[in-house]
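Each chain is listed here by its residues.
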Amino acid sequence: MSSMEIEVVPSEPKSGMGFFPSKPQFEPLKAHEMSEGKVQFRKVSVPPHRFSPLKKVWMEIYTPIYEQMKIDIRMNLKARKVELKTRSDTPDVSNLQKCADFIHAFMLGFDVIDAIALLRMDELYVDSFEIKDVKTLRGEHLSRAIGRLSGKGGKTRFAIENSTKTRIVIADSRIHILGSFSNIKVARDSLCSLILGSPAGKVYSKLRAVSARLAERF
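A brief report on the enclosed structure follows. Just so we're clear, the structure is a prediction, and the values are computed from it rather than from any experiment. (Residues numbered from 1 in each chain as written. Predicted model: local features only at pLDDT ≥ 70, side-chain atom pairs only at ≥ 80, totals over all residues. Heavy atoms only, no water.)

### Re the environment of Asn95
- By the secondary structure assignment, Asn95 is in helix H4 (residues 94-108).
- You can call Asn95 buried: its relative accessible area is 7%.
- The spatial distance from the C-alpha of Asn95 to the C-alpha of Ile71 is 7.5 Å, given a sequence separation of 24 residues.
- Beyond its immediate sequence surroundings of up to four residues, Asn95 is in contact with Met69, Ile71 and Thr90. (Helix = DSSP H or I, 4+ residues; strand = E, 2+ residues; numbered from the N terminus. Buried < 20%, exposed > 50% of the residue type's maximum accessible area, 1.4 Å probe, protein only. Contact = heavy atoms within 4.5 Å.)

### Digging into the pairing of strand S2 (residues 71-76)
- Sheet analysis places S2 next to strand S3 (residues 81-86), joined by six bridges and oriented antiparallel. Across the sheet, the residue bridging to Asn76 is Lys81, located in S3.
- Hairpin connection of S2 to S3: four residues between the antiparallel strands, including Arg80 at a positive phi of 55 degrees. (Pairing = 2+ DSSP bridges.)

### Here we look at the side chain of Thr156
- Its location among the elements puts Thr156 in helix H9 (residues 155-164).
- Using a relative accessible area of 6% as the deciding quantity, one classes Thr156 as buried.
- The contact partners of Thr156, leaving out residues within four places of it in the chain, are Arg148, Leu149, Ser150, Gly151, Leu194 and Tyr204.

### Observations concerning the sheet that holds strand S6 (residues 174-179)
- Pairing is antiparallel across the open sheet formed by three strands, whose spatial order is S4-S6-S5. Looking at the sheet topology across the chains shown, the edges are occupied by strand S4 (125-130) and strand S5 (167-171). Averaged over neighbouring strand pairs, the angle between their axes works out to 15 degrees when direction is ignored.
- Bridge count for S5 against S6 is five bridges, and the pairing is antiparallel. Across the sheet, the residue bridging to Val169 is His176, located in S6.
- Packed on one face of the sheet, helix H10 (residues 181-195) meets S4, S5 and S6 and runs near 150 degrees to S6. (Axes fitted to C-alpha atoms, helices over the stretch in contact; angles between N-to-C directions.)

### A few points about the sheet that holds S3
- Read from one edge to the other, the open sheet built from three strands follows the order S1-S3-S2, with strand pairing classed as antiparallel. Edge strands, defined here as strands with exactly one partner in the open sheet, are strand S1 (41-45) and S2. For this sheet the average axis-to-axis angle between neighbouring strands, irrespective of direction, equals 20 degrees.
- Strands S2 and S3 of the sheet are contacted by helix H3 (residues 58-68), whose axis makes an angle of about 150 degrees with S2.
- Here H4 sits on the sheet in contact with S1, S2 and S3, set at roughly 5 degrees to S1.

Okay, here's the thing in structure tokens:
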């Protein structure tokens, strides 16, 4: 009998947990490691009318930035700017921009309690626009439009803030809104309607309908 050659086919490796090596676990890079050891800076200008309020609440701004976000902060009195820089123990490089946005929001006129939400939540933004971007108004017409936006004792502004879960600052003819993207859009539409001359009652009823729709969605 002639000898038979038997071809041995290697069996496929089993996909067991013990056969393949475990995935390597890498720790997230520090801020100084992502920038190749270079220190990153941000500077925020301080307007003249916000210098005194900044002095009063300096520790409320300094504490969360230095202790929680691990960012160095100082006030440059000569240049009148708040300077920020990363440290070797900064956990995330995005903390630097968050702190800059927080200080910038305070300079626009927001309270520290409201602006500090920018440090804790990622989906918050500040949107700004001017009344003349919506409608060209001058003199008393502009003053009346600003009055319609605020309402008697700030009633209209507070109603829009509470309905849309935003914060609004009316600084002369410039308007700043702090909130999430969808909520900012609803608040901006309401403010634009007031600028164009819609009565407050009509804006309130539209706000209630939009707020109910947003509540159902989320």
